[in-house]
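Each chain is listed here by its residues.
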Amino acid sequence: MSDLPAPGSSEPPPGGDPSPPPAGWPASGQAGASGQPGPSTPGGRGPTSPPPAGWTAPGVDGSGGTPPGWSAPGGTPPGGWSGAYSGHPMPGATYPAVPVPAYPGWFPGLDPQDPLVNPPHAGIGPWFARCWGAVRRGWRQLLPIMLLTQAIPAAVISVISLFLTPTGDLSTGPDGAPVLPDGYWQNLFALYGVILAATLIFGPLQAIGWAAGTWVVTRQAAGEPTGLGAAFRYGVRRALGLWGWTLVVSLLVTLGFCLCVLPGVYAAAALALFGPVYLFERQDPIGRSWRMFHRRFGMVLGRVALVVAAVIVASLLEVVVSAVSTAAFGADPMATAGTAIGALVLALVAASLTAPASLAQQVGLVVTYAEQRAQEGPVTAGRLAAELG
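Conventions we followed
Residues numbered from 1 in each chain as written. Predicted model: local features only at pLDDT ≥ 70, side-chain atom pairs only at ≥ 80, totals over all residues. Heavy atoms only, no water. 1 Å grid on protein atoms, 1.4 Å probe; cavity = no way out; pocket = protein on both sides within 12 Å on 5 of 7 lines; lining within 4 Å. Points joined across faces, edges and corners; volume = space filled by probe spheres on them. Helix = DSSP H or I, 4+ residues; strand = E, 2+ residues; numbered from the N terminus. Nonpolar A, V, L, I, M, F, W, Y, C, P; charged D, E, K, R; others polar. Phe/Tyr/Trp six-rings, centres within 6.5 Å; stacked < 30°, edge-to-face > 60°. Buried < 20%, exposed > 50% of the residue type's maximum accessible area, 1.4 Å probe, protein only. Contact = heavy atoms within 4.5 Å. Polar contact = N/O pair within 3.5 Å; in protein donor to acceptor, adjacent residues only side chain to side chain. Core = buried A, V, L, I, M, F, W, Y, C linked by side-chain atoms within 4.5 Å.

A. Highlighting the layout of surface pockets. Taken as a whole, the largest pocket encloses approximately 1600 Å³ of empty space. Residue lining of the largest pocket: 48 residues in total, with Trp210, Thr246, Ser250, Phe274 and Gln361 positioned closest to the centre. Counting residues per element, the ones that place at least two in the lining of the largest pocket are α1 (124-164), α2 (184-221), α3 (228-260), α4 (262-270), α5 (274-281), α7 (297-329) and α9 (354-376). The element contributing the most residues to the lining of the largest pocket is α2, with 10 residues. Looking at side-chain class alone, the lining of the largest pocket contains 33 nonpolar, 14 polar and 1 charged residues.

Here's what the structure looks like:
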């Protein structure tokens, strides 16, 4: 026979709690205020309304289904807790608030896992990881963009240089001083004039590439679709404005180099972010880049130096190919048809190697700009993608 009391009996079960339930709690099998039987607990009683303030269930020590620190009704459980006690819901229970971790210097809304924005105080490692992630995500689109907009102008300028570079050997005058070949200065000025004209002509094409590459890097980080056609259409819309600011910055940097080289280097570093500033904010790119550089001088200078180092490393192959061409075909490779063809092939190969260098520069400057924006306030890759327009 069972040791349990007969149904409807007021006698407590053996070993059970002999005290009556608190006021308002129905006995097992009775209906609560809602008219529905309440869920049963191991003791045979089931709550259908919140327990009185301060009441604690017998035997509850925090090791069962209730979170540590639970004591009174009213409130919400901590994140991740299902709100059940011993498999049953506990309506109206109060639980301690879960503290949100605070990161010094961070703004609310920053995502430490954002694939493009390096948060404050994260350091150089995460910055480099985001640059490498941008290359891995976008090289299939970025490499063709750099080849079409940066390598082609470089190839044209290389071929022009082969034809117009002054040739001839130095001779010695009667007084022993070296004498330049006839027409040397005229040919040299003609070479630089043609290169300057080609640079101006190809400037809008290069600006299309920088704008299109920025669009690809940012949208891919935000998880949005990208395509070469859409990237080039965006680049065309922004090309003239970006090209105009590029001319202004180029004049300032050139003026700095004319003063004494070091001012030119300083100006190039301080204005390195003018392109992303123009594309994302479309106002005051020179002033904004200058202020970003001086507000966090060490950080921005270090990032720009790393970008320059990556460009130099990526350009070493181009230098090697040019040296091989000079050694193989001499100072005047256009003298014969055979040497001319060989020199042209190597010039095109060297020009194509500018694409990886341009890709490194593109990615490094965009990630650096995003990091500086995070120093000023909450920003994500999605917001930056929306700002591109």
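B. Inspection of the packing of aromatic side chains at higher detail. Under the defined criterion, the tally for this structure stands at 5 aromatic pairs. Ring centres of Tyr266 and Trp290 lie 6.0 Å apart, and the angle between their planes is 70 degrees; this geometry places the pair in the edge-to-face category. Placement of Tyr266 in helix α4 and of Trp290 in helix α6 (residues 285-295) is noted, with a sequence separation of 24 residues between them. The exposure class of Trp290 is partly exposed, given its relative accessible area of 38%. Seen from their ring centres, Tyr266 and Phe293 are 5.7 Å apart, and the 90 degrees between their planes marks the pair as edge-to-face. Residue Tyr266 is found in helix α4, and its partner Phe293 is found in helix α6; the two are separated by 27 residues along the sequence.

C. The arrangement of the environment of Ala343 in detail. Relative to the helices and strands, Ala343 resides in helix α8 (residues 337-352). When the C-alpha atoms of Ala343 and Leu162 are compared, they prove to be 8.0 Å apart, with 181 residues separating the residues in sequence. With sequence-adjacent residues up to four places away left out, Ala343 is seen in contact with Leu162, Ser325, Phe329 and Pro333.

D. Just the environment of Asp284, in detail. Structurally, Asp284 is set in the loop between α5 and α6. The contacts of Asp284, once residues within four sequence positions are left out, are Val277 and Arg291. A distance of 3.2 Å separates a polar atom in the side chain of Asp284 from the backbone nitrogen of Gly287.

E. Layout of the nonpolar core. In this structure, Leu116, Val217, Leu242, Leu279, Val363, Tyr369 and Leu384 are the most contacted members of the largest nonpolar core, which totals 57 residues. What Leu116 contacts, discounting residues up to four positions off in sequence, is Arg130, Val217, Thr218, Ala221, Val366, Val367, Ala370, Ala381 and Leu384.

On their own, these measurements won't tell you what the molecule is for.
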